[in-house]
Amino acid sequence: MTDDALGDHTTDEAEGTGRSFKVGGFTVPARPIEAALYLVATPIGNLGDITVRALETLASSDVLACEDTRVTRILLDRYGIRNRPYSYHEHNAEEAGPKLIAALDAGKSVALVSDAGTPLVSDPGYRLGQMALEAGHRVVPIPGPSAPLAALVGSGMPSDAFMFAGFLPVKDKGKRDRFSELAKIPATMIFFESPHRISATVKVASEVLGPNRRAVVCRELTKTFEEFRRGTLGELTEFYNEDRIVKGEIVLLIEPPSYDEIPDMEDVEKLLKDLVSTMPAAKAAAEASKLTGLPRKELYQRILDMKSSDGG
């Protein structure tokens with residue numbers, strides 16, 4: 001990406017490269033937008049899921065940044081948008097990021113899209129958003145498709161409280177530790193996972209959280225072979241055995257613990273007092289974590305708070 005290339009947005013209507021987009025065979029002029037960083041959600045599979053506001057923003061922006069220009073070009077071609085996309089991804093962020101901020105400094109509008117879904121959700125756009133805010137620029141979300149939310153509303157899992165936890169660690173020990181940390185969170189947990197690792201993941205989840213905890217494996221959301229595989233972690237472990245070949249992008253959801261699985265905090269504090277009377281705080285927190293399933297760091301901080309309130 002060169003400095004001269006940024007903002008090189010041709011507006012020659014005679015050449016058919018004006019700021020417009022096409023819907024259902026009709027050409028729609030795109031209205032100008034103010035200088036700001038626009039975070040534009042794009043389809044996660046079905047190109048028909050784009051919003052009119054997103055199309056107008058992609059067509060009107062002075063600079064259009066994306067993870068992979070080839071992927072974004074497919075979307076732009078579908079809707080007759082002639083804006084030229086520029087690469088911004090984890091491998092060139094240090095070089096491209098400051099140039100995009102410079103474009104904002106020059107009074108240009110910058111639109112950022114990921115390959116699919118909402119920017120900044122498990123992609124490299126987070127740092128750019130921070131940089132824009134630190135430089136005093138507006139950051140404008142253009143909402144739309146989101147894999148975690150699509151999976152949640154289609155899963156049948158409780159949606160009154162949920163936690164998106166991103167990608168799980170690759171190795172089993174890391175997965176085990178992560179599930180242990182989240183075991184007692186009173187919310188539906190949402191994870192991204194690779195199809196090559198889903199077998200090992202549901203197996204570890206079953207061992208840590210218990211085989212009776214309900215879960216849903218969502219595969220190829222909004223695409224032709226969309227699938228919601230529901231069951232207990234034990235049942236999903238049997239289904240996704242090591243011999244099964246799994247393809248496509250996956251979102252894993254796990255239901256909250258049942259009410260009787262969540263320890264009463266008065267009982268937890270009593271346990272901590274008993275343990276800390278016979279061992280150092282760090283060891284007491286580790287032991288309490290094993291007994292309650294609560295995060296060790298959280299329990300250690302509670303011990304420090306208890307000592308502080310007691311004047312110790």
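Heads up: the structure comes first, above all this text.
As the structure is a prediction and not an experimental result, all values here were calculated from the model.

Asks: Describe the nonpolar core, listing the residues and the values that go with them.
Replies: Counting 21 residues, the largest nonpolar core has Phe 179, Phe 191, Leu 209, Val 217 and Ile 254 as the members making the most contacts within it. Those elements that place two or more of their residues in this core are helix 6 (172–182), strand 9 (188–193), helix 7 (198–209), strand 10 (214–219), helix 8 (233–239) and strand 12 (250–254). Per-element tally for this core: the top contributor is helix 7, with five residues. Core analysis: the second largest hydrophobic core is formed by 20 residues, Tyr 38, Leu 55, Tyr 79 and Val 140 among them.

Asks: Go over the side chain of Arg 213, please, and point to the residues and values.
Replies: Its location among the elements puts Arg 213 in the loop between helix 7 and strand 10. In terms of polar contacts, Arg 213 uses its side chain to reach the backbone carbonyl oxygen of Glu 255, at 2.8 Å.

Asks: Which residues make up the layout of surface pockets, and what are the values?
Replies: In this structure, the largest pocket occupies an estimated 790 Å³ of space. For the largest pocket, the lining is made up of 34 residues, of which Ile 44, Asp 115, Ala 116, Gly 117 and Glu 249 are closest to its centre. Those elements that place two or more of their residues in the lining of the largest pocket are helix 2 (69–78), helix 5 (147–155), strand 9 and strand 12. Looking at the lining of the largest pocket, the element that brings in the most residues is helix 2, giving four residues.

Asks: Break down helix 11 (residues 296–309) for me, with residues and values.
Replies: For helix 11, with 14 residues, the first-to-last C-alpha span of 20 Å sits near the 20 Å given by 1.5 Å per residue. The elements touched by buried residues of helix 11 are helix 9 (265–276) and helix 10 (281–292).

Asks: Account for the pairing of strand 4 (residues 63–66), naming residues and giving values.
Replies: Regular strands place their side chains on alternate faces of the sheet. The alternating pattern of strand 4 places Val 63 and Ala 65 on one face and Leu 64 and Cys 66 on the opposite face, and all of these are buried. Pairing between strand 4 and strand 6 (residues 110–113): four bridges, direction parallel. Bridge pairing links Ala 65 to Leu 112 in strand 6. The sheet contact formed by strand 4 and strand 5 (residues 85–87) spans three bridges and is parallel. Looking at strand 5, one finds that Cys 66 is bridged to Ser 87. Chirality of the crossover, the property in question, places the unit of strand 4, helix 2 and strand 5 among those that are right-handed.

Asks: Outline the sheet that holds strand 9, listing residues and values.
Replies: A sheet is described by the order of its strands in space; here five strands give the open sequence 8-9-12-10-11, paired in mixed fashion. Strands with a single pairing partner mark the edges of an open sheet, and in this sheet they are strand 8 (162–167) and strand 11 (227–232). Averaged over all pairs of adjacent strands, the angle between their axes in this sheet comes to 20°, without regard to strand direction. Where strand 8 and strand 9 come together, four bridges link them in parallel fashion. Bridging across to strand 9, Met 163 finds its partner in Met 189.

Cut-offs and rules
- Residues numbered from 1 in each chain as written.
- Predicted model: local features only at pLDDT ≥ 70, side-chain atom pairs only at ≥ 80, totals over all residues.
- Heavy atoms only, no water.
- Core = buried A, V, L, I, M, F, W, Y, C linked by side-chain atoms within 4.5 Å.
- Buried < 20%, exposed > 50% of the residue type's maximum accessible area, 1.4 Å probe, protein only.
- Helix = DSSP H or I, 4+ residues; strand = E, 2+ residues; numbered from the N terminus.
- Polar contact = N/O pair within 3.5 Å; in protein donor to acceptor, adjacent residues only side chain to side chain.
- 1 Å grid on protein atoms, 1.4 Å probe; cavity = no way out; pocket = protein on both sides within 12 Å on 5 of 7 lines; lining within 4 Å.
- Points joined across faces, edges and corners; volume = space filled by probe spheres on them.
- Expected span 1.5 Å × (residues − 1).
- Contact = heavy atoms within 4.5 Å.
- Pairing = 2+ DSSP bridges.
- Right-handed = clockwise from strand over helix to strand, strands pointing away.
- Axes fitted to C-alpha atoms, helices over the stretch in contact; angles between N-to-C directions.

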